[in-house]
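Chain and residue survey
Spelled out, the chains give:
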Amino acid sequence: MTTPNRMILLGAPGAGKGTVAKGLVDHLKVTHLSTGDMLRAAVAAGTEVGLHAKTFMDRGALVPDDVMVALIAERVSQDDCKSEDGTVRFLLDGFPRTLPQADALDDRGLGPDAVIHLDVANEVVVGRLTGRRSCPGCGAPYHVEFKQPKVAGICDICDTALVHRADDREEPIRKRLATYSAQTSPLVERYSAELITIDGDNAPSAVLNAVLERVSAGSAG
Ligand code: AP5
């Protein structure tokens, strides 16, 4: 199966990007780069970048473009983002989120081969995010109703205690949705040639299967 080398997951907060990414990593053996997970790791480690980013994240605002571009530029240069012949290969989740971030990828010759757009209505994602519980260890998402861990409150994958993210409360969720609409949704048009739109309001396994089918067929639209 031939699959794209550089893929982007695009979608509103709670559209299911992280959930689909876990499945794509298993099936396509690609390195998953979640900027949200990278930032939360920096916050937990108390780095300068993390402390700066936290002031934006907790209120549902975007971290400044220069910070994000530097973070991703460094990360995609690492060996796990290269295939054996040296081709750059990655699955971006949460980047780009603005037109200048998309420009920064293009400037480095790293524009995407496929952009997977998960389409889900706002009221659906509010329900998903208020019920989400996240693993601070490996980033795996759970849900109090739709995806419960085998042992209550503990990650199935790495045994870490699950948390309720500070930005997964109603007020920051509404702010994140407004930010997505104003600053990120223009990327849908920007990437019209590479866009694969998937109805994200289905069971997680159905969403993953639809993504795999479209990605392996190489069909934009
Ligand atoms: P980030 O962590 O990227 O947050 P997000 O985009 O808001 O996305 P989420 O992680 O909330 O949702 P998701 O789409 O991954 O959904 P998930 O699969 O978990 O970013 C956090 C913050 O960091 C940003 O607000 C910003 O401040 C900053 N940041 C990050 N990148 C940045 C950038 N490039 N520029 C500037 N700032 C940046 O699913 C959600 C829930 O629903 C889970 O509970 C899951 O179990 C459940 N679920 C998933 N799929 C389904 C389904 N099909 N049916 C039912 N339930 C489902």
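For the structure itself, look to the data block above.
A brief look at the structure comes next. Bear in mind that the values here come from a model prediction, so they are computed numbers and not experimental data.

Quick look at the sheet that holds strand S2 (residues 32–34) now. Taken together, the five strands give an open sheet; going across it, the order is S2-S3-S1-S4-S7, and neighbouring strands pair in parallel fashion. Since the sheet does not close on itself, it has two edges, and those belong to S2 and strand S7 (195–199), each with one partner. Averaged over all pairs of adjacent strands, the angle between their axes in this sheet comes to 20 degrees, without regard to strand direction. In this sheet, S7 lies alongside strand S4 (residues 114–119) in parallel orientation, the contact comprising five bridges. Paired with Asp119 across the two strands is Asp199, which belongs to S7. Each of strand S1 (6–11), S2, strand S3 (90–93) and S4 touches helix H1 (residues 17–28); the most contacted strand, S1, lies at about 160 degrees to it.

Moving on, we come to helix H3 (residues 48–57). Among all positions in H3, only Gly50, Ala53, Phe56 and Met57 are buried. All buried residues of H3 lie within an arc of 115 degrees about the axis, which places them on one face of the element. Considering only its buried residues, H3 is in contact with helix H2 (35–45).

The ligand sits among 36 residues. The nearest are Ala61, Arg97, Arg132, Tyr142 and Arg176. Backbone polar atom of Ala15 to an oxygen atom of the ligand: 3.3 Å apart, as the coordinates give it. At a separation of 3.4 Å, a nitrogen atom of the ligand approaches a polar side-chain atom of Arg128. In isolation the ligand has 1,000 Å² of accessible area, and contact with the protein removes 96% of it. Those elements that place two or more of their residues in the shell around the ligand are H1, H2, helix H6 (122–130), strand S6 (141–143) and helix H9 (204–217). When its residues are assigned to classes, the shell around the ligand shows 17 nonpolar, 11 polar and eight charged.

Rules and cut-offs
- Residues numbered from 1 in each chain as written.
- Predicted model: local features only at pLDDT ≥ 70, side-chain atom pairs only at ≥ 80, totals over all residues.
- Heavy atoms only, no water.
- Pairing = 2+ DSSP bridges.
- Helix = DSSP H or I, 4+ residues; strand = E, 2+ residues; numbered from the N terminus.
- Axes fitted to C-alpha atoms, helices over the stretch in contact; angles between N-to-C directions.
- Contact = heavy atoms within 4.5 Å.
- Buried < 20%, exposed > 50% of the residue type's maximum accessible area, 1.4 Å probe, protein only.
- Arc of directions from axis to C-beta.
- Near = heavy atom within 4 Å.
- Polar contact = N/O pair within 3.5 Å; in protein donor to acceptor, adjacent residues only side chain to side chain.
- Areas by Shrake-Rupley, 256 points an atom, 1.4 Å probe, with all protein chains shown as cover.
- Nonpolar A, V, L, I, M, F, W, Y, C, P; charged D, E, K, R; others polar.

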